[in-house]
Amino acid sequence: MAENTAKGGDMIDFSRPVLGDPELNAVAEVFSSGTVGYRGQSRRFEEQFARHLGVPHEHVIFLNSATSGTFLALELLGAAEGDEIVMPSLSFVAGPNATLSRGARPVFCEVDPHSLNPTVRDVERVVTPRTKAVLVLHYGGYPGDIADLADFCARRGIALVEDAACAVASTVGGQAVGTFGDMGVWSFDTMKIMVTGDGGMLYVRDPELARRARRLVYHGLAQACDGFSAPAWQNWTFEQWEIGYRLVGNDLTAAIGSVQLDRLPGLVSRRAELVRLYDSELSGADGVRLPPPLPEGHRSSYYLYWVQVDRAIRDEVARALYTAGIQTNFRYGPLHTVPAYGPVPRLPVSERAAEETLCLPLHPGLTDDDVRTVAGRLRKTVLSLLPSL
Ligand SMILES: *Cc1c(COP(=O)(O)O)cnc(C)c1O
């Protein structure tokens, strides 16, 4: 890769999709079908994804991104000026952007300092009578207290939206995360576990809202749902029910998605293997805290592998690893310190976590030796920096 030539071209990438001939062949088939828009293949991908989630097809819509789904979710919930949307500060910008686009206010909450997922207590602390919805993500694909959060929101009459962007194969008690709340979104962008180029999925629990969502994602036209009343030969009639958008995916990206979904169990189990290897290679490493174990009944998609080191050395560790040819990253936030979303109260736990957490390379293209190299280099670097603390 051109950008890595300075390092001899063998940087250990932070993330890389797994794509090959099966995906290319699936795209070629769409080429010969005579149409590339949101048609049959997109519907088949939705159906397949709905089966994967364990929900009826009508509740699932294939979109051009998870972000589109988040914007739509807040519109479907009727979020408006005066409403507050609660979300962890350690999350992606799509949440606050969607919130502000409705004229509503993002309210950031703390997270558990190790799992980096918000607990019910973290959410409860910032809920007010103006709270319209809670928007949580599943950090690194780890489910978090989603069942308890769903109970809490149901009891308080607050909507729950799940950003399951990186939790495509995560479950609690056998139930797919993203289906615990009122709505859920998944992402298939290039950094995710399964990719379509650009793409996302939206789940809407309420059947009426799901029908409305299907209309909104295609201009608000009745053609997009069951309600079109003109005869088929007169399909030029605009039955504009409400103002809509243009957020659907297409058959090319859907074809890639179908192949990736077939591959998903293999992709996730290789990630799980790599995570176990990191765990064993790093166990007992001085000054390095590993991700907490999964609670009973929780299954992760293993999107991220994160370690925590003293905040005073985290950046130095990232720099040393980069110099040694290892890309690391930190996801996400803290959003409450982003001027566009402020001014908002300090959140010391999130600020600290954001400064001491580092995500290591994790993708199925890594070899066991790559993981040993990263772990070995991390151990050594941290050891050499510890005396400076
Ligand atoms: C990737 C990601 C998104 C955005 O997904 P898009 O499909 O690019 O819109 C949102 N939230 C989280 C947590 C993500 O990781």
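Given the structure is predicted, the values throughout are model-derived calculations rather than measurements.

Cut-offs and rules
Residues numbered from 1 in each chain as written. Predicted model: local features only at pLDDT ≥ 70, side-chain atom pairs only at ≥ 80, totals over all residues. Heavy atoms only, no water. Near = heavy atom within 4 Å. Polar contact = N/O pair within 3.5 Å; in protein donor to acceptor, adjacent residues only side chain to side chain. Areas by Shrake-Rupley, 256 points an atom, 1.4 Å probe, with all protein chains shown as cover. Buried < 20%, exposed > 50% of the residue type's maximum accessible area, 1.4 Å probe, protein only. Helix = DSSP H or I, 4+ residues; strand = E, 2+ residues; numbered from the N terminus. Pairing = 2+ DSSP bridges. Contact = heavy atoms within 4.5 Å. Domains from an automatic or database assignment. Buried area = accessible area lost by both parts, 1.4 Å probe.

**Structural notes on the site of the ligand**
Item 1. Within the structure, the ligand sits among S65, A66, T67, F92, D163, A165, S187, D189, K192, G199 and Y332.
Item 2. A distance of 2.9 Å separates an oxygen atom of the ligand from a polar atom in the backbone of A66.
Item 3. In the environment of the ligand, an oxygen atom lies 2.5 Å from a nitrogen or oxygen atom belonging to the side chain of T67.
Item 4. Notes on the ligand: free accessible area 390 Å², of which the protein chains cover 92%.

**Here's the deal with the pairing of strand β2 (residues 84-88)**
Item 1. Where burial is concerned, most of β2 is hidden: five out of the five residues are buried.
Item 2. Of the two faces of β2, the one holding E84, V86 and P88 and the one holding I85 and M87 are both buried throughout.
Item 3. Note that β2 and strand β3 (residues 105-109) share five bridges and pair parallel. Residue pairing across strands places M87 opposite F108, the latter belonging to β3.

**Some details on helix α3 (residues 66-76)**
Item 1. Most of α3 sits out of view: nine of its eleven residues are buried.
Item 2. Inspection of α3 places A66, S68, G69, T70, L72, A73, L74, E75 and L76 among the buried residues, and these make up the whole buried set.
Item 3. If you check the start of α3, you find a side-chain oxygen 3.3 Å away from the backbone N of T67, and it comes from S65.
Item 4. Looking one or two places after α3, you find G78, whose phi comes out positive at around 75 degrees.

**Re the side chain of T131**
Item 1. Among the secondary structure elements, T131 is positioned in strand β4 (residues 131-137).
Item 2. A polar contact is formed between the side chain of T131 and the backbone nitrogen of T128, at a distance of 2.8 Å.
Item 3. With residues up to four places along the chain from it excluded, the contact list for T131 reads E84, V86, V126 and I158.

**As for the sheet that holds strand β6 (residues 171-172)**
Item 1. Across the sheet, three strands lie side by side as β7-β6-β10; this open sheet has antiparallel pairing. Because the sheet does not close on itself, it has two edges, and the strands there are β7 (175-176) and β10 (298-299).
Item 2. Direction of pairing for β6 relative to β10: antiparallel, over a ladder of two bridges. Across the sheet, residue V172 finds its bridge partner in β10, namely H298.

**Some remarks on the domain arrangement of the protein**
Item 1. Parsing the protein into structural domains produces domain 1 (21-259) and domain 2 (264-388).
Item 2. The C-alpha centroid of domain 2 is placed 27 Å from the C-alpha centroid of domain 1.
Item 3. With 37 residues of domain 1 at the contact, the number on the domain 2 side is 37 residues.
Item 4. Summing both sides of the interface, domain 1 and domain 2 together bury roughly 3200 Å²; the carbon and sulfur share of this comes to 64%.
Item 5. Where domain 1 touches domain 2, the interface holds 20 residue pairs in polar contact (both at pLDDT 80 or more).
Item 6. Breaking the side of domain 1 that touches domain 2 down by element, the ones donating at least two residues are α4 (94-101), β3 and β6.

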